[in-house]
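# Structural features, examined
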Amino acid sequence: MHLSTTFISTLAFVALASAQTITGPFDCVPAGNYNLCANLWGRQAGVGGQNSTLVSTNGNNVAWNTVWNWANGPNSVKSYSNVESTVAKGIQLANIKSAPTTWTWEYASQSSGIRADVAYDIWTGVPQSGTAASSASSYEIMIWLSGLGGIQPVGSPVATNITVAGHRFDLWRGPNTNWQVLSFKTAEGDINDFNVDLNEFFQYIVQNEGVASTQFVQSIQAGTEPFTGSANLVTSNYSVSIN
Ligand SMILES: *[C@@H]1O[C@H](CO)[C@@H](O)[C@H](O)[C@H]1NC(C)=O
Ligand SMILES: *[C@@H]1O[C@H](CO)[C@@H](O)[C@H](O)[C@H]1NC(C)=O
Ligand SMILES: *[C@@H]1O[C@H](CO)[C@@H](O)[C@H](O)[C@H]1NC(C)=O
């Protein structure tokens, strides 16, 4: 009896340590050099739910998945579950030598006709530090590796079929709250294995979109914005750093 109880609690501990699921709408869990957060900010626009599970961390790399199921409000984002780097930030665009990132992901399952993106959300501003989507934000730079179901970024296209970091994108631009949104939306379908230098995107917006190179990178997030449908989005390998 005593032995079997010990055995069971050891198993439970191992299971928790290797895969932690967050279920609360604004829960976060530390994930190595990142925080994994649920961020169900738009959940009241529909009906459904969503959970994220931290699978593993390894050095600067992290693996997680997000299971979601949403109905109603087809044009409203329900959430942005994401990992946010705790270290890749606080540097002015002009001082970045490189910002390597890897993102390997897939839909392990999905209902037909899902409306969702898989995207970076990168925040810059005048102060060296600032919370994402706050009064300190000047620009929100999105990189959509997927946009399914006819959804569109904020604003309207300002450039189409441009090549940045070896991939083709349409660039959208528009205002949101007190910042400008610049969204690089994939023009080549889903990019499931993304391995680039984010500095090429930063250089592009400095050279072509009038973004001041004195802007500080305040936050780099990576995650998914579901609108409707259901899916299990699995990221097997993600990392970002700034040099
Ligand atoms: C999320 O987890 C909760 C609690 O385990 C569960 O009731 C719910 O069905 C899950 N939601 C999804 C979309 O998997
Ligand atoms: C987009 O650009 C690529 C590479 O420059 C080119 O091969 C392709 O035809 C272009 N597609 C469209 C729709 O213009
Ligand atoms: C994960 O990405 C890193 C680069 O950040 C790479 O060195 C490593 O081989 C990748 N791991 C796997 C399992 O693909």
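Residues numbered from 1 in each chain as written. Chains lettered and ligands numbered in written order. Predicted model: local features only at pLDDT ≥ 70, side-chain atom pairs only at ≥ 80, totals over all residues. Heavy atoms only, no water.

Per an unreviewed UniProt entry, the protein carries the name Endocellulase and comes from Dendrothele bispora.

## A few points about the packing of aromatic side chains
Using the criterion set out here, one finds 14 aromatic pairs in the structure. Both rings, one in Trp-103 and one in Tyr-238, keep their centres 5.6 Å apart while their planes meet at 80 degrees; by these two values the pair is edge-to-face. In this pair, Trp-103 sits in strand β8 (residues 100–110) while Tyr-238 sits in strand β15 (residues 216–240), placing the two residues 135 residues apart along the sequence. The same class applies to Trp-103 as to Tyr-238, namely buried. Consider the rings of Tyr-120 and Tyr-238, whose centres lie 6.0 Å apart with planes at 45 degrees: the pair is tilted. Within this pair, whereas Tyr-120 is found in strand β9 (residues 115–125), its partner Tyr-238 is found in strand β15, the two being separated by 118 residues in sequence. Of the residues examined, Tyr-238 reaches a relative accessible area of 0% and is grouped as buried. Of the aromatic side chains, those joined through ring pairs into one cluster are Tyr-34, Trp-64, Trp-103, Tyr-120, Phe-169, Phe-184, Phe-194, Phe-201, Tyr-204 and Tyr-238. (Phe/Tyr/Trp six-rings, centres within 6.5 Å; stacked < 30°, edge-to-face > 60°. Helix = DSSP H or I, 4+ residues; strand = E, 2+ residues; numbered from the N terminus. Buried < 20%, exposed > 50% of the residue type's maximum accessible area, 1.4 Å probe, protein only.)

## Description of the pairing of strand β2 (residues 28–31)
Only one face of β2 is covered, namely the one carrying Val-29 and Ala-31; the face carrying Cys-28 and Pro-30 has none of its residues buried. Judged from the four bridges that link them, β2 and strand β3 (residues 34–37) form a sheet pairing that is antiparallel. Bridge assignment links Pro-30 to a residue of β3, and that residue is Asn-35. Where β2 hands over to β3, the hairpin turn is made up of two residues, of which Gly-32 adopts a positive phi near 65 degrees. (Pairing = 2+ DSSP bridges.)

## Things to note about the side chain of Ser-183
Here Ser-183 shows up in strand β13 (residues 179–186). Using a relative accessible area of 0% as the deciding quantity, one classes Ser-183 as buried. Apart from residues lying up to four places away in sequence, Ser-183 is in contact with Met-142, Trp-144, Pro-153, Asp-170, Leu-171 and Trp-172. (Contact = heavy atoms within 4.5 Å.)

## So, unusual backbone geometry
A positive phi is found at Asn-72, a non-glycine position, where the angle reads about 70 degrees. Backbone geometry places Asn-161, a non-glycine residue, at a positive phi of 55 degrees. Relative to the helices and strands, Asn-161 is located in strand β11 (residues 156–164). Overall, Asn-161 belongs to the partly exposed group, its relative accessible area being 45%.

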